[in-house]
Amino acid sequence: MTTLSTTSRRPARTYSAVPGQSGGSPAWRTLKSLILLVCVILVAIPFLAVLSTSLADAAQINQTGGFVLWPDHPTLDSYKALLGGGLVSRAMLVSVGITVVGTAISLAASITLAYGLSRSGAYGQKTILLLLVFSLLFVPGVIPSYLLVKQLGLINSYWALILPTAVNAFNVIVLRSFFSSLPRELIDAARIDGASEWRILTRIVMPLSKASIAVIGLFYAVSYWNAFFNALIYINQSVKWPLQLVLQTYVVNNAAIGQGQTSDPAAALPPTVALQAAILILSIVPIIIIYPFLQKHLTKGVMIGAVKG
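Residues numbered from 1 in each chain as written. Predicted model: local features only at pLDDT ≥ 70, side-chain atom pairs only at ≥ 80, totals over all residues. Heavy atoms only, no water.

Draft legend 1. The arrangement of the packing of helix α4 (residues 87-118) against helix α5 (residues 125-137) in detail. Between α4 and α5, whose axes approach to 9 Å, the crossing angle comes to 130 degrees. Judged by the angle between their axes, α4 and α5 are oblique. In this structure, α4 crosses over α5, and the sense of that crossing is left-handed. Between α4 and α5, the residues in contact are Leu 113, Leu 117 and Ser 118 and Gln 125, Ile 128, Leu 129 and Leu 132, respectively. Split into classes, the residues belonging to the contact of α4 with α5 amount to 5 nonpolar, 2 polar and no charged. (Axes fitted to C-alpha atoms, helices over the stretch in contact; angles between N-to-C directions. Helix = DSSP H or I, 4+ residues; strand = E, 2+ residues; numbered from the N terminus. Parallel < 35°, antiparallel > 145°, perpendicular 65-115°, else oblique. Left-handed = near helix turned anticlockwise from the far one by under 90°. Contact = heavy atoms within 4.5 Å. Nonpolar A, V, L, I, M, F, W, Y, C, P; charged D, E, K, R; others polar.)

Printed below as a string of structure tokens:
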């Protein structure tokens, strides 16, 4: 007499990027992969065309009559003409300085303000928080902002590009929400041990909030780097232009790039299309380099700061 043993059959596992959901049938997964591949191609081809045009020589650009998808004889003449001295090289230094200094000031102001608002019983906490929310609903116009900057004597000053946007109410509220979600017992224990508020902030709160602070810092850095409208209004001298205003002037408005805007005024300029493509690449490469180092904190920092508290 033989005994038949039955084994339970387990369904095949399907994997998904969303926890708790199945990955779907193989046909559906293939379709999603194809859609994602098409989206990547649609994004990569324009970027490749701009990069290739900035590296193409004059003969190939004249032959194609515009953008080049792949350079036959790559050359760095466009970048040498722009970065060897002149308007673009100065604009890059201005943009880097404004981004670094502005991000540092914005983070310092936002962190201290958010920490103060996260402490229950702080003086004027509700009033300041209401003012922050009010500033999200009603944004001042261009003319009042210009009159205020003018009265402060900041016209044609780099501070006009930093101080008016030094504190973003949304970023402060996100940081406040995260600070409020930290264990109160930890703060109370440090206070019982005699730690000051500044020591609690720098030694306990900030190390526990690296993800949120990194994301907010990225938001501020991208905002300062991409800003051109304030420079268009407040800066009168072209030698003080940031890179984005140069981009807006010579690429978006298609203004002619003269001999005085390059490294060697006496040398022959590369084609205008190549110079415009090079300016465009120079304006996006720094953020592309920085973003991968902070990408791992992006989702975590924003979700924790926005949901908790």
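Draft legend 2. Up close: the packing of aromatic side chains. Summed over the entire model, instances satisfying the criterion amount to 2 aromatic pairs. With 4.8 Å between their ring centres and 35 degrees between their planes, Phe 134 and Phe 138 make a pair best called tilted. Overall, the relative accessible area of 48% leaves Phe 134 in the partly exposed class. Judged by relative accessible area, which is 52%, Phe 138 ranks as exposed. Arranged with centres 6.1 Å apart and planes meeting at 15 degrees, the rings of Tyr 146 and Tyr 234 form a pair that is stacked. Taken together, the residues span a long stretch of sequence, with Tyr 146 in helix α6 (residues 142-151) and Tyr 234 in helix α11 (residues 229-234) at a distance of 88 residues. A relative accessible area of 3% places Tyr 234 in the buried class. (Phe/Tyr/Trp six-rings, centres within 6.5 Å; stacked < 30°, edge-to-face > 60°. Buried < 20%, exposed > 50% of the residue type's maximum accessible area, 1.4 Å probe, protein only.)

Draft legend 3. Seen up close, the nonpolar core. Residues Phe 179, Val 205 and Val 246 are the most contacted members of the largest nonpolar core, which totals 52 residues. For this core, the secondary structure elements donating two or more residues are α3 (77-83), α4, α7 (169-181), α8 (184-192), α9 (197-208), α10 (210-226), α12 (243-252) and α13 (272-307). When residues in this core are grouped by element, the largest group, 11 residues, is from α4. If we skip the residues at most four places from it in the chain, Phe 179 touches Ile 111, Ala 114, Tyr 115, Ser 118, Arg 119, Val 205 and Ser 209. (Core = buried A, V, L, I, M, F, W, Y, C linked by side-chain atoms within 4.5 Å.)

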